[in-house]
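A structural walkthrough
Listed below are the residues making up each chain.
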Amino acid sequence: MIKILSISDQVDPLVYSKNLKERHGDVEFVVSCGDLSYMYLEYIITILNCPLYFVRGNHDPEQELTMGEPRAYPLGARNLHRRTLRNHGILMAGVEGSIRYNRRTPYQYTQGMMWNHVFKLVPGLLINKLIHGRYLDIFVTHAPLTGIHEGSDWAHQGIKAFRWLVNTFQPAYHFHGHIHYYRPDEVKESWFGKTKVINTYRSQVTEINLKDLST
Ligand SMILES: [Zn+2]
């Protein structure tokens, strides 16, 4: 059993705190679903001293200013966008951004562009199946998939290509952000086939039994 810390959309004061090591020192790695500053991600990497994988959200800028210096990447974090990789024996892949609703920020895409991102992942997933016996364990995106946790307005709609990928390759987990919830009784975890779909808002710990990963 391993623990994963997922974060998204808003800084969690319980994470951005001097007690981070005591609270989350036992997580194996961190997954960021976007809309968070590099400074925050780097703080977590420094304190927990563990890998952090991220995708960008629709509110993320192309460059972040840190003490006046423009930077395009958070130091020490690995970008999952259009990539498949293996970490702790876990097969991961990701897609950044949300549906396009204006042209003010860079990481917004049409449904057609999202299909393109998703198809870019397919060769890696097929190779995973050949080498490791399964396609994918954790799919990380900023936006939700069509039909699960999606918002009722245009900007928070689900992505059709994500639904196709999850339905076709049945990863054990799909972590996404972008959908804020304000009441404790709002649904933040759902099943889609064999996939547990987790809406991360602020922060969440998920325990993964490596033996449960689909074969
Ligand atoms: Zn968002």
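About the thresholds
Residues numbered from 1 in each chain as written. Predicted model: local features only at pLDDT ≥ 70, side-chain atom pairs only at ≥ 80, totals over all residues. Heavy atoms only, no water. Donors = N, O, S within 2.8 Å, 3.2 Å for Na, K, Ca; no water. Tetrahedral: all angles 85-135°; square planar, octahedral: opposite > 155°, others 65-115°. Helix = DSSP H or I, 4+ residues; strand = E, 2+ residues; numbered from the N terminus. Polar contact = N/O pair within 3.5 Å; in protein donor to acceptor, adjacent residues only side chain to side chain. Contact = heavy atoms within 4.5 Å. Buried < 20%, exposed > 50% of the residue type's maximum accessible area, 1.4 Å probe, protein only. Pairing = 2+ DSSP bridges. Core = buried A, V, L, I, M, F, W, Y, C linked by side-chain atoms within 4.5 Å. Arc of directions from axis to C-beta. Phe/Tyr/Trp six-rings, centres within 6.5 Å; stacked < 30°, edge-to-face > 60°. Lys NZ or Arg CZ within 6 Å of the ring centre and 35° of its normal.

Every protein donor of the zinc ion is accounted for by Asp35 (OD), Asn58 (OD1), His142 (NE2) and His178 (ND1), and the metal-donor separations fall at 2.1 to 2.6 Å. Relative to the metal, the four donor atoms surrounding the zinc ion lie at angles of 83 to 168 degrees, and the coordination shape comes out irregular. Motif for the zinc ion, donor spacing along one chain: D-x22-N-x83-H-x35-H. Taken together, the positions of Asp35 in the loop between strand 2 (29–32) and helix 2 (38–48) and His142 in the loop between strand 11 (138–141) and helix 4 (160–169) put the pair 107 residues apart, joining distant regions of the chain.

This part takes up the side chain of Ser6. With respect to the helices, strands and loops of the structure, Ser6 is situated in strand 1 (residues 2–8). Engagement of the side chain of Ser6 in a polar contact is seen with the side chain of Thr200, the distance being 2.8 Å. Those residues in contact with Ser6, other than ones at most four positions away along the chain, are Val31, Phe175, Thr200, Arg202, Ser203 and Gln204.

Quick look at the pairing of strand 13 (residues 189–192) now. Across the two faces of strand 13 the burial differs, with Ser190 and Phe192 buried and Glu189 and Trp191 not buried at all. Looking at chain direction, strand 13 and strand 14 (residues 195–199) are connected through four bridges and run antiparallel. The residue of strand 14 that forms the bridge with Ser190 is Val197. Turn length for the strand 13-strand 14 hairpin, with the two strands adjacent in sequence and antiparallel, is two residues, and the turn residue Gly193 shows positive phi of about 60 degrees.

With respect to the helices and strands, Lys211 occurs in the segment after strand 15 (202–208). We classify Lys211 as exposed; its relative accessible area is 75%. Distance from Lys211 to Arg134, taken between C-alpha atoms, is 13 Å for residues 77 residues apart in sequence.

On to the nonpolar core, then. Formed by 23 residues in total, the largest nonpolar core has its most connected members in Val95, Phe139, Ile159, Phe162 and Leu165. For this core, the secondary structure elements donating two or more residues are strand 8 (90–95), helix 3 (111–132) and helix 4. Membership of the second largest hydrophobic core comes to 19 residues, among which are Ile2, Ile4, Leu80 and Leu85.

Our next topic: helix 4. Of all the positions in helix 4, only Ala161, Phe162, Leu165, Val166 and Phe169 are classed as buried. End-on view of helix 4: buried residues confined to an arc of 135 degrees, all on one side of the axis. Taken together, the buried residues of helix 4 touch strand 8, helix 3, strand 11, strand 12 (173–176), strand 13 and strand 14. Following helix 4 by one or two positions, Gln170 adopts a phi angle in the positive range, close to 45 degrees.

Let's shift gears to unusual backbone geometry. At Asn49, a residue that is not glycine, the phi angle is positive and equals roughly 55 degrees. Relative to the helices and strands, Asn49 resides in the loop between helix 2 and strand 3 (52–54). Given the relative accessible area of 67%, Asn49 is considered exposed. Although it is not a glycine, His178 adopts a positive phi angle of roughly 80 degrees. Assignment of secondary structure puts His178 in the loop between strand 12 and strand 13. Since its relative accessible area comes to 4%, His178 is described here as buried.

For the rest of this paragraph, the subject is the packing of aromatic side chains. Considering all chains together, one arrives at 12 aromatic pairs under this definition. Judged by centre distance (6.2 Å) and plane angle (65 degrees), the rings of Tyr182 and Tyr201 are edge-to-face. Of this pair, Tyr182 sits in the loop between strand 12 and strand 13 while Tyr201 sits in the loop between strand 14 and strand 15, placing them 19 residues apart in sequence. Residue classification places Tyr201 among the buried positions, given a relative accessible area of 6%. Chaining the aromatic ring pairs together yields one cluster made of Trp115, Phe119, Tyr135, Trp164 and Phe169. In this structure, Arg56 is placed above the aromatic ring of Tyr73, and the distance from its NZ or CZ to the ring centre is 5.1 Å.

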